[in-house]
Amino acid sequence: MSTEATRSHVYDGIQEFDNRLPNWWLWTFYGACIFSIFYWVHYHTIGTGDLPGAAFVKEQAEAQARLEKQMAENPITNESLLKMAGEATAVAKGDAIFHNAADPLRCAFCHKDDASGLVGPNLTDDMWVYGGKPIDIYTTIMEGRPGGMPAHKSRGLPFVLNVTAYVLSIKNTNKPGKAPEANAKKEQ
Ligand code: HEC
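Notes on the structure follow.

Conventions adopted
Residues numbered from 1 in each chain as written. Predicted model: local features only at pLDDT ≥ 70, side-chain atom pairs only at ≥ 80, totals over all residues. Heavy atoms only, no water. Helix = DSSP H or I, 4+ residues; strand = E, 2+ residues; numbered from the N terminus. Patch = residues over 30% accessible without salt bridge, like charges linked within 9 Å, V, L, I, M, F, W, Y side chains within 5 Å. Areas by Shrake-Rupley, 256 points an atom, 1.4 Å probe, with all protein chains shown as cover. Salt bridge = Lys/Arg side-chain N within 4 Å of Asp/Glu carboxyl O. Buried < 20%, exposed > 50% of the residue type's maximum accessible area, 1.4 Å probe, protein only. Pairing = 2+ DSSP bridges. Near = heavy atom within 4 Å. Polar contact = N/O pair within 3.5 Å; in protein donor to acceptor, adjacent residues only side chain to side chain. Nonpolar A, V, L, I, M, F, W, Y, C, P; charged D, E, K, R; others polar. Phe/Tyr/Trp six-rings, centres within 6.5 Å; stacked < 30°, edge-to-face > 60°.

Some details on unusual backbone geometry
The phi angle at K112 is positive, at roughly 80°, despite the residue not being glycine. Residue placement: K112 occurs in the loop between α5 (107–111) and β3 (127–128). The backbone phi angle of N172 is positive, close to 65°, even though this residue is not glycine. You can see N172 is positioned in the loop between α7 (157–170) and β4 (185–186).

In structure tokens:
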């Protein structure tokens, strides 16, 4: 490859060959230049492409719309939730979610492994701050509550439905634990 021709300068006795850049290198470079023009025009000049931030917002909106559509097609009611609470697979999935050690914000972290309450209230008694009806428990888990109960919307509908089924299955099992909250009301 070397042409034997050298550049005129010498540094510390070191000389440089005056070789042509290899074609593969040149074409990669020209290709990158041409690509950058289309990239710039597509994303920045005419704006036909979504930059990562905008693409993320769009994806989130699409996920939200999908969730709302799903919910509109299968309305969630006390009856539908109670039915799920009677299904062993849904309860088992909810149990796994509740105790998922890989999830730093698992339910058990705040409500204790046996759900008898720690930071969050005891879920096995008949005293509820936000209501003990299936739809109330579902709403608490989905939307969160101001006293430190996180929303779980972003986890998706199956997550919330399964874990609601699990909570319904342990409701009224009366594990001794955290005393009922001062603002809780009795509700079976
Ligand atoms: C970061 C801690 C934390 C995590 C994680 C958490 N909770 Fe809670 N939860 C709380 C707190 C605190 C409250 C009380 C909120 C209030 O009083 O406003 C609560 C309240 C609740 C209630 C309402 C109780 C009532 O008396 O009305 C339910 C049901 C519940 N959580 C279920 C769950 C489930 C199921 C999960 C997992 C998907 C979960 N929580 C994850 C802290 C947590």
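There is more to say, and it comes next.
Some words on a nonpolar patch on the surface
A grouping of L21, W24, W25, W27, F29, Y30, I34, I37, F38, V41 and I46 is seen on the molecular surface, where their side chains present a nonpolar patch of about 1,200 Å² in accessible area. Considering the arrangement of structural elements, one finds I46 in the loop between α1 (23–45) and α2 (52–73). Assessed through its relative accessible area of 57%, I46 is described here as exposed.

Considering the pairing of strand β2 (residues 14–17)
Summarising the sheet, strand β1 (residues 6–11) and β2 pair through 3 bridges and their orientation is antiparallel. Paired with T6 across the two strands is F17, which belongs to β2. The loop that links β1 with its antiparallel partner β2 comprises 2 residues; one of these, D12, has a positive phi angle of about 50°.

Looking at the site of the ligand
Near the ligand, the surroundings consist of 22 residues, among which C107, C110, H111, Y130 and M149 are the closest. For the ligand, an oxygen atom lies 2.8 Å from a polar atom in the backbone of V129. In the model, an oxygen atom of the ligand is placed 2.5 Å from a nitrogen or oxygen of the Y130 side chain. Broken down by class, the residue content of the shell around the ligand amounts to 14 nonpolar, 6 polar and 2 charged.

What to know about the packing of aromatic side chains
All chains considered together, the criterion is met by 6 aromatic pairs. A ring pair is formed by F35 and Y39, whose centres lie 6.0 Å apart and whose planes are at 40°; its orientation type is tilted. Of the two residues, F35 and Y39 are both situated in helix α1; the distance of 4 residues between them amounts to about one turn of the helix. The exposed category is assigned to F35, whose relative accessible area is 56%. Judged by its relative accessible area of 37%, Y39 is partly exposed. Taken together, a centroid distance of 5.2 Å and an interplanar angle of 55° make the contact between F98 and Y166 tilted. Residue F98 is located in helix α4 (residues 88–99), and its partner Y166 is located in helix α7; the two are separated by 68 residues in the primary sequence. For the pair shown, F98 and Y166 are each scored as buried. By the ring-pair criterion, three or more aromatic residues cluster together here, those being W25, W27, F29 and Y30.

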